[in-house]
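Examination of the molecular architecture
Listed below are the residues making up each chain.
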Amino acid sequence: VQLQASGGGLVQAGGSLRLSCATSGRTFSTYFMGWFRQAPGKEREFVAGINWSGGATYYADSVKGRFTISRDNARNTVYLQMNSLKPEDTAVYYCATRTYYSGTYYPKESSWYEYWGQGTQVTVSS
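**Points about the overall build of the chain**
- A tally of regular secondary structure across the chain gives zero helices and 11 strands.
- Start at the N end of the chain and walk to the C end: the helices and strands fall as β-β-β-β-β-β-β-β-β-β-β.
- Against the 2.2 N^0.38 benchmark of 14 Å for 126 residues, the chain shows a C-alpha radius of gyration of 14 Å, consistent with a compact globule.
- Structurally, the chain occupies a C-alpha span of about 40 × 25 × 25 Å along its principal axes.
- Long-range contacts, defined as pairs at least 24 residues apart, comprise 57% of the intrachain contacts of the chain with a sequence gap of at least 6.
- With 12 positive and 8 negative side-chain charges, the chain shows a separation of 6 Å between the mean positions of the two kinds.

**A few points about the sheet that holds strand 7 (residues 67–72)**
- Taken in spatial order, the four strands line up as 1-3-8-7 in an open sheet, and their pairing is antiparallel. On the outer flanks of this sheet lie strand 1 (3–6) and strand 7, each paired with one strand and no other. Each strand axis lies, on average, 15° off the axis of its neighbour in the sheet, ignoring direction.
- Where strand 7 meets strand 8 (residues 77–82), six bridges bridge the pair, whose relative direction is antiparallel. Across the sheet, residue T68 finds its bridge partner in strand 8, namely Q81.

**Considering the packing of aromatic side chains**
- Scanning all chains against the criterion turns up 15 aromatic pairs.
- Between the aromatic rings of F36 and F46, the centroid separation amounts to 5.6 Å while the plane-to-plane angle is 75°, which identifies the pairing as edge-to-face. You can see F36 sitting in strand 4 (residues 32–38) and its partner F46 sitting in strand 5 (residues 45–50), a full 10 residues away along the chain. The same class applies to F36 and to F46, which are both buried.
- In this structure an aromatic cluster arises from ring pairing among F32, F36, F46, Y58, Y101, Y105, W112, Y113 and W116.
- Of note, R44 hangs over the ring of W116, and the distance from its end group to the ring centre comes to 4.7 Å.
- Of note, R71 hangs over the ring of F28, and the distance from its end group to the ring centre comes to 4.6 Å.

**So, the nonpolar core**
- The biggest cluster of nonpolar side chains holds 35 residues, and the ones touching the most others in it are W35, L80, M82 and Y93.
- Those elements that place two or more of their residues in this core are strand 1, strand 3 (17–23), strand 4, strand 5, strand 7, strand 8, strand 9 (91–98) and strand 11 (120–125).
- Residue contacts for M82: discarding those within four places in its chain leaves G15, S16, L17, L19, R66, F67, Y93 and V122.

**As for the pairing of strand 9**
- Taking burial as the measure, the eight residues of strand 9 include six buried ones, the bulk of the element.
- Here strand 9 pairs with strand 11 via three bridges, running antiparallel. Looking at strand 11, one finds that Y93 is bridged to T120.
- The pairing of strand 9 with strand 10 (residues 115–116) spans two bridges and is classified as antiparallel. Each residue of the ladder has a partner; that of A96, found in strand 10, is W116.

Calculation notes
Residues numbered from 1 in each chain as written. Predicted model: local features only at pLDDT ≥ 70, side-chain atom pairs only at ≥ 80, totals over all residues. Heavy atoms only, no water. Helix = DSSP H or I, 4+ residues; strand = E, 2+ residues; numbered from the N terminus. Rg over C-alpha atoms; globule rule 2.2 N^0.38 Å. Contact = heavy atoms within 4.5 Å. Lys, Arg positive; Asp, Glu negative; His and termini not counted. Charge placed at Lys NZ, Arg CZ, Asp CG, Glu CD. Pairing = 2+ DSSP bridges. Axes fitted to C-alpha atoms, helices over the stretch in contact; angles between N-to-C directions. Phe/Tyr/Trp six-rings, centres within 6.5 Å; stacked < 30°, edge-to-face > 60°. Buried < 20%, exposed > 50% of the residue type's maximum accessible area, 1.4 Å probe, protein only. Lys NZ or Arg CZ within 6 Å of the ring centre and 35° of its normal. Core = buried A, V, L, I, M, F, W, Y, C linked by side-chain atoms within 4.5 Å.

So, in structure tokens, the structure goes:
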């Protein structure tokens, strides 16, 4: 499984960006997808996650109400719409996937994911 994140860039505080993550794999519609970010000198942190159908979404408290995760299973793509961006949102954003899961799952734990994309830089200027 390969993931390709795109859509990062430089934006002023208060602006918006939409990240995309194109994913290979014939059964993308069954995958759990997540977004994480890592700022310089900090650990990678969970941002948002979405289950296979899009019926369940999860967000870090720091982005709740500003970011929206969604997916298009026909296009094998997951999106992260980021609004009201703040300088503290500056980071490299990574998409990740867990291709099989059942029962209890851990969308906020980076170790739970199996595959990762290469990351896309988001820089928010004040």
